[in-house]
Amino acid sequence: MSPRFLPFYLECRGRGGRKQKREARRAPPPHHRRSGRADRYSSCASAAGGGATHPRQRSGMLSATEPLFSFGVIADVQYADIPDGRSFLGVPRYYRHSLSVLRRAVRSWNGAGGVRFCVNFGDIVDGFCPRDRSLAAVRAVVREFDAFRGGPAFHMLGNHCLYNLPRADLVRELRMPGGPGRAYYDVSPWPGYRLVVLDAYDFSAVGRARGDPVAARARRLLDARNPNRDKNSPAGLDGTDRRFVMFNGGVGAAQLRWLDAVLRRAARRAEKVVLCSHLPLHPAAASPTGLMWNYDEVMAVVRRHGRCVVACFAGHDHKGGYAVDERGVHHRTLEAALECPPGTDAFGRVDVYPDRLTLVGSDRMASTEMMLATATARLRSSELPSSA
Ligand SMILES: Nc1ccn([C@@H]2O[C@H](COP(=O)(O)OP(=O)(O)OC[C@H](O)CO)[C@@H](O)[C@H]2O)c(=O)n1
């Protein structure tokens, strides 16, 4: 990253701050395939709370054919009680139907058995929702999640959430466990596993008053990196520089330090970490206009802690994507619920096995088999220099 980019972050660079050469595979690899519906497995009532074994796990034995536990995923619901419309680029958006997609997702997770929590990847309400109805829209979405019986729902902020609602109100309404006003947090939803949720708009011009010092720094960054008068436009920007648009954001210095500490602790405990962010963290897993501003700084922190991070999931780039980076970390950008024409779906269930994560997608969400590096490779990797 150029030195003029984010002096704000320099204190967090440390080792691993050098620019990395990436050789990621472009989606979709052979095992990334469209599949049948998520609920094709035999249905089984889900026990509320975190029992010790997965209902599909025979007699509590760890088996490569039986998941340890599962979690539900859905992205970019962008609900609004308004007529259907289109994105800036003309892609149809079904603002009311997206709530039905969420309802079917919850029904599917409840019916699948073993789904212990679910993750909502942000953009909960659309920016076109009238401001005075945005809180009601968020509450309507939360009500749908409340029907999930398997365990907690973990939410994150997207740009659309912040167009109409104050961050502090969103953190409260979405019951984020990081404390008042803080939209990043980590939880261990299953022994040996950790879910880390990032706030991708911590450093951003979105959702902050013009006079806010963070917004002022973000605007200076956009002025430096995006010559367009309309800072939402990536016109004229090339490659990953296209990410420098106003509807994106980044992880701030304090959050980077927090992430470093969380991953250090997770690596020490030999936990497997799933990293969740509204904005994608790998250029091969998303369009460049959807990437987090400082995805490389976040991934430098990830690399510092060996292979404790096994997968990064994101939303935002509605068509979805998938790549595996040079360290074997899976990057899966999830297809948007908002873009499902009536009667179609985009949600998934991630089955967690000792050796892999299997995303079982509903029709518009592709299924993805993500093999984890072996324990030996994980150990070796933690000995690699952070820039390897
Ligand atoms: N070229 C563009 C693109 C967008 N805008 C305006 O920016 C705002 C956000 O755009 P939107 O497409 O609604 O953002 P999403 O978060 O739903 O999707 C992100 C992309 O899929 C990332 O790849 C909105 O006001 C647009 O009109 C723009 O002005 N110029």
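These numbers were taken from a predicted model, which means no experiment stands behind them.

Student: Residue-level account of the pairing of strand E15 (residues 367-371), with values.
Tutor: Pairing between strand E14 (residues 356-361) and E15: four bridges, direction antiparallel. Across the sheet, the residue bridging to Thr358 is Glu369, located in E15.

Student: Any details on the nonpolar core? Residues and values, ideally.
Tutor: Phe71, Ile74, Trp109, Leu198, Leu275, Phe313 and Leu357 are the most contacted members of the largest nonpolar core, which has 98 residues in total. Broken down by element, this core gets its largest block of residues, seven residues, from helix H1 (residues 97-112).

Student: Describe the packing of aromatic side chains, naming the residues involved and giving the relevant values.
Tutor: Across all of its chains, the model carries twelve aromatic pairs by this definition. Taking 4.9 Å as the distance between ring centres and 10° as the angle between the ring planes, the aromatic pair formed by Phe71 and Phe117 counts as stacked. In this pair, Phe71 is assigned in strand E2 (residues 69-74) and Phe117 in strand E5 (residues 115-120), connecting sequence segments 46 residues apart. Across the pair, exposure class does not vary: Phe71 and Phe117 are buried alike. Clustering of aromatic rings is evident, with ring pairs tying together Phe69, Phe71, Phe117, Phe121, Phe154, Tyr185, Trp190, Tyr193 and Phe313. One Lys or Arg, Arg356, reaches over the ring of Tyr353 and ends 3.7 Å from the middle of that ring.

Student: Outline the site of the ligand, listing residues and values.
Tutor: Phe88, Arg93, Asn159, His160 and His316 are the nearest of the 16 residues found near the ligand. In the model, an oxygen atom of the ligand is placed 3.4 Å from a nitrogen or oxygen of the His318 side chain. Summarising the interface, the protein chains cover 80% of the accessible area of the ligand, which totals 630 Å² for the free molecule. Of all the elements, helix H3 (residues 159-164) adds the most residues to the shell around the ligand, at three residues. Partitioned by chemical class, the residues of the shell around the ligand number four nonpolar, eight polar and four charged.

Student: So what's going on with the UniProt feature "domain: Calcineurin-like phosphoesterase" (unreviewed entry) in the protein chain? Which residues, and what values?
Tutor: With numbering matched to this structure, UniProt assigns "domain: Calcineurin-like phosphoesterase" (unreviewed entry) to residues 71-319. Between the first and last C-alpha atoms of residues 71-319 the distance is 21 Å; the span itself is 34% helix and 16% strand.

Student: Give me the lowdown on the confidence of the model for the protein chain, citing residues and values where you can.
Tutor: Predicted confidence across the protein chain gives a mean pLDDT of 85, with 80% of residues reaching 70 or more. A low-confidence stretch, residues 1-52 stays under pLDDT 50, and its non-local contacts, those more than four residues away or across chains, total 138 contacts. Confidence drops under a pLDDT of 50 for residues 57-63, and excluding neighbours within four residues, the segment shows ten contacts in the predicted structure. For this predicted complex, the interface score ipTM comes out at 0.97, alongside a pTM of 0.84.

Calculation notes
- Residues numbered from 1 in each chain as written.
- Predicted model: local features only at pLDDT ≥ 70, side-chain atom pairs only at ≥ 80, totals over all residues.
- Heavy atoms only, no water.
- Pairing = 2+ DSSP bridges.
- Helix = DSSP H or I, 4+ residues; strand = E, 2+ residues; numbered from the N terminus.
- Core = buried A, V, L, I, M, F, W, Y, C linked by side-chain atoms within 4.5 Å.
- Buried < 20%, exposed > 50% of the residue type's maximum accessible area, 1.4 Å probe, protein only.
- Phe/Tyr/Trp six-rings, centres within 6.5 Å; stacked < 30°, edge-to-face > 60°.
- Lys NZ or Arg CZ within 6 Å of the ring centre and 35° of its normal.
- Near = heavy atom within 4 Å.
- Polar contact = N/O pair within 3.5 Å; in protein donor to acceptor, adjacent residues only side chain to side chain.
- Areas by Shrake-Rupley, 256 points an atom, 1.4 Å probe, with all protein chains shown as cover.
- Nonpolar A, V, L, I, M, F, W, Y, C, P; charged D, E, K, R; others polar.
- UniProt positions renumbered as here; feature names shortened; annotations may be inferred.
- pLDDT = per-residue confidence, 0-100.
- Contact = heavy atoms within 4.5 Å.

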